[in-house]
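Structural features, examined
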Amino acid sequence: MSTVGHTKRITPAAIEAMKGQRPIVSLTAYTTPIARLLDPHCDLLLVGDSLGMVLYGMETTVGVTLDMMIAHGQAVMRGAKHACVIVDLPFGSYQESKEQAFRSAARILKETGCDGVKLEGGEEMAETVAFLTSRGIPVFGHVGLMPQQVNTTGGYRSLGRSDKEADKIRRDAKAISQAGAFAMVIEGTVEPLAREITAAVTIPTIGIGASAACDGQILVSDDMLGLFNDFKPRFVKHFAELAPMVSKAAEAYAEEVKARTFPALEHTFQPKK
């Protein structure tokens, strides 16, 4: 019996091979319907722990659990047929040890069927990245601004302006690349530094609040669609303004319900004659 599988989905290896070829298109996805809409246009869909803020109203991503990530990973996998799907390892599920990281990552891959996991961290996580990749788990790295560390870094702010910060991000990116990650996010990092790192590392860099010179870009889909309006970071561009449309639709619905004009006869079921 052949063990060769057949899939049309873009693999982590294919993403890695896109370094220097063309820009890699990435967005976050958390639900089946949105995954279906984004999938044809994206190379990579990230089930990000940003869902804690976007979907659950949390102030940070720290409260997101492994069970939450798995549930949303399963939902996205039902809607994605083309893009490489990566699921975030949430805070507390991998930092304790490389063995803990493997157990968490293996559970995500088994229960969702996704293509790999993402974790935050640089030099301190390089051993964990190597441990995971050597055991068959593709890893998407994340350096620069790391939202899971927001409580120790003084909030959400751009990094790399000082020599000390810049040197640390350089070392982090090099360590994650050499440890075997197939790609990495560079977040909230000053443009010249992100450009420099992209040229220096051998794996694709995916920018968010970084540089157009990165090998690809990612945005939170709800930011891109103009659905999340609690705050708007400098690096976000609204490619649509859906929030006012949703509000106006709800207003129109409420008015028709109150006026008893909805449901009309054509929206109801009648007995057979």
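Just so we're clear, the structure is a prediction, and the values are computed from it rather than from any experiment.

**Observations concerning the UniProt feature "binding site: Mg(2+)" (unreviewed entry) in the protein**
Here, UniProt's "binding site: Mg(2+)" (unreviewed entry) annotation points to D49, D88 and E120. Taken together, the annotated residues stretch across 72 residues yet fold into one region, lying no more than 11.0 Å apart by C-alpha. Looking at where D49 falls in the secondary structure, it is placed in the loop between strand 2 (44-47) and helix 3 (51-54). Given the relative accessible area of 5%, D49 is considered buried. In this structure, D88 sits in strand 3 (residues 84-88). Excluding anything up to four places from it in sequence, D88 contacts L46, V47, G48, D49, M69, I108 and K118. Polar contacts involving the side chain of D88 include one to the main-chain amide nitrogen of D49, which spans 2.8 Å.

**Quick look at the environment of D167**
With respect to the element layout, D167 can be found in helix 8 (residues 163-179). The spatial distance from the C-alpha of D167 to the C-alpha of L193 is 9.6 Å, given a sequence separation of 26 residues.

**Overview of the packing of aromatic side chains**
Scanning the entire structure with this criterion turns up three aromatic pairs. Ring geometry for F102 versus F131: centroids 6.4 Å apart, planes at 90 degrees, classification edge-to-face. Placement of the pair is F102 in helix 5 (residues 98-112) and F131 in helix 6 (residues 126-133), with a sequence separation of 29 residues. Where Y253 meets F262, the ring centres are 6.0 Å apart and the plane angle is 65 degrees; that geometry is what we call edge-to-face. F262 sits in the partly exposed class, given a relative accessible area of 33%. Cation over ring: K98 sits above F131, and NZ or CZ is 5.6 Å from the ring centre. Above the face of the F131 ring, R135 is positioned so that its terminal group lies 3.7 Å from the ring centre.

Rules behind the numbers
Residues numbered from 1 in each chain as written. Predicted model: local features only at pLDDT ≥ 70, side-chain atom pairs only at ≥ 80, totals over all residues. Heavy atoms only, no water. UniProt positions renumbered as here; feature names shortened; annotations may be inferred. Helix = DSSP H or I, 4+ residues; strand = E, 2+ residues; numbered from the N terminus. Buried < 20%, exposed > 50% of the residue type's maximum accessible area, 1.4 Å probe, protein only. Contact = heavy atoms within 4.5 Å. Polar contact = N/O pair within 3.5 Å; in protein donor to acceptor, adjacent residues only side chain to side chain. Phe/Tyr/Trp six-rings, centres within 6.5 Å; stacked < 30°, edge-to-face > 60°. Lys NZ or Arg CZ within 6 Å of the ring centre and 35° of its normal.

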